[in-house]
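The primary structure of each chain is shown beneath.
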Amino acid sequence: MNHTCATAGSIARRGFATAALSLLLVKASAAGTSGAFKAGTFDPPRLAPDFSLQGSDGHELRIDRFRGKVVLLAFGYSSCTEVCPVTLATFAQARRQLGAAATDVQVVYVTVDPQRDVPERLKKFLGNFDSTFIGGTGTDSQLATVRKEYGVTARKIPYGDSYTYAHSSFTYLIDRKGQIRALMPYGHGTDDYVNDLTILLKE
Amino acid sequence: MRARLLVLAAVAGSALAALAWSALAPVRSASRDQVFEIPNGTWARRMSGDKLEILPDHIRLTLGVRDILVLRNHDAVPQIFGPTLMMPGQSFRLPFEQAAVYTFSCTAHASGQMIISVAPYPSTPGAKIAWRAQELWWHTRLLTADLLYRYHL
């Protein structure tokens, strides 16, 4: 499993096809929680560093806006053809499986590609998966600061006349108190997210 | 001459017994945790020019035996450790449930990557022998790295 988005291209049909195929491979139903996290857990948890970015919903995007909800925080870019579509499709599927409880789950997706990912583009991209997802963008400097505080890497790679990014592909799980509780590596399926979100939602 | 034959037979018998044990005894581990720790003072030593490699760039885990990666930061400053940023005094525990090769971005390594290979449980005699040989090699490497760190070599 490769945990970077190093392949170039625009928002490719191939990416969505990959995502759809991956979802077909995931079990259709959540089999309940095992009581233990499937993600990597932090002890003690630390407060998620706050930031101020432009949200794809037209509002300022701050992580503490979602205090009281469980947040899935991921980093990527809308032109990613391999990792990001799979991750976002998994989030969307997990929210569907959670049913009514999903109202307390917020997906936040921070771009590593501010040149292309303006708020409108992020909104359209994320809307392909779930209209409740909120994207964040900002200046190079703002985004670099956010990445540093979350230990996220992103490396721009020239590709012909365009470019792509190699970036961290894990997802942070932030609890209702705003603490970073867990880190889910790329490759985990819907059931693992449902398992961990259910644990956090019950707290 | 007879005494020499007896010694040879004893050595060969012992070797065969060891091989049989390696091939047949169930693989167990006291703990399923594979622990890596950043000792206090690591940042200071790096700043003074020491090239410390705390976390190998390739970690091997085995399902059902040692399949939980545990990282601990005992240093006084935050550290990028494997796939994540860890605060002073913080630990990170990552279980694996699928045999696969996982590649993480990791700025702590010159390659920019950290690979975690998770192997299936060694159930066949050949797999058990291979696993035990690999364990021996792995612990030798860890012991060497620990001695190098402790004695500033």
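### So, the overall build of chain A
- Across its full length, chain A holds five helices and 10 strands.
- With 203 residues in all, chain A has 55% of them scored as buried.
- A sequence separation of at least 24 residues applies to 76% of the contacts in chain A between residues at least 6 apart.
- For chain A, the computed accessible surface area is about 8600 Å², with 53% contributed by carbon and sulfur atoms.

### A closer look at the packing of helix α1 (residues 2–24) of chain B against helix α3 (residues 125–150) of chain B
Residue and element names in this part refer to chain B.
- At their nearest, the axes of α1 and α3 sit 6 Å apart, and the two run at 105° to each other. Between α1 and α3, the interaxial angle falls into the category roughly perpendicular. Residues Leu19, Trp21, Ser22, Ala23 and Leu24 of α1 pack against Pro125, Lys128, Ile129 and Arg132 of α3.
- The class makeup of the residues in the contact of α1 with α3 is six nonpolar, one polar and two charged.

### Concerning the packing of aromatic side chains
- In total, this model carries 13 aromatic pairs over all chains according to the counting rule given.
- A ring pair is formed by phenylalanine 125 of chain A and phenylalanine 129 of chain A, whose centres lie 5.5 Å apart and whose planes are at 80°; its orientation type is edge-to-face.
- Among the aromatic side chains, those forming a connected cluster through ring pairs are Phe42, Phe51, Phe75, Tyr150, Phe170 and Tyr172 of chain A together with Phe92 of chain B.
- The ring centre of tyrosine 163 of chain A lies 3.9 Å from the NZ or CZ of arginine 116 of chain A, which sits over that ring.

Cut-offs applied
- Residues numbered from 1 in each chain as written.
- Chains lettered and ligands numbered in written order.
- Predicted model: local features only at pLDDT ≥ 70, side-chain atom pairs only at ≥ 80, totals over all residues.
- Heavy atoms only, no water.
- Helix = DSSP H or I, 4+ residues; strand = E, 2+ residues; numbered from the N terminus.
- Buried < 20%, exposed > 50% of the residue type's maximum accessible area, 1.4 Å probe, protein only.
- Contact = heavy atoms within 4.5 Å.
- Areas by Shrake-Rupley, 256 points an atom, 1.4 Å probe, with all protein chains shown as cover.
- Axes fitted to C-alpha atoms, helices over the stretch in contact; angles between N-to-C directions.
- Parallel < 35°, antiparallel > 145°, perpendicular 65-115°, else oblique.
- Nonpolar A, V, L, I, M, F, W, Y, C, P; charged D, E, K, R; others polar.
- Phe/Tyr/Trp six-rings, centres within 6.5 Å; stacked < 30°, edge-to-face > 60°.
- Lys NZ or Arg CZ within 6 Å of the ring centre and 35° of its normal.

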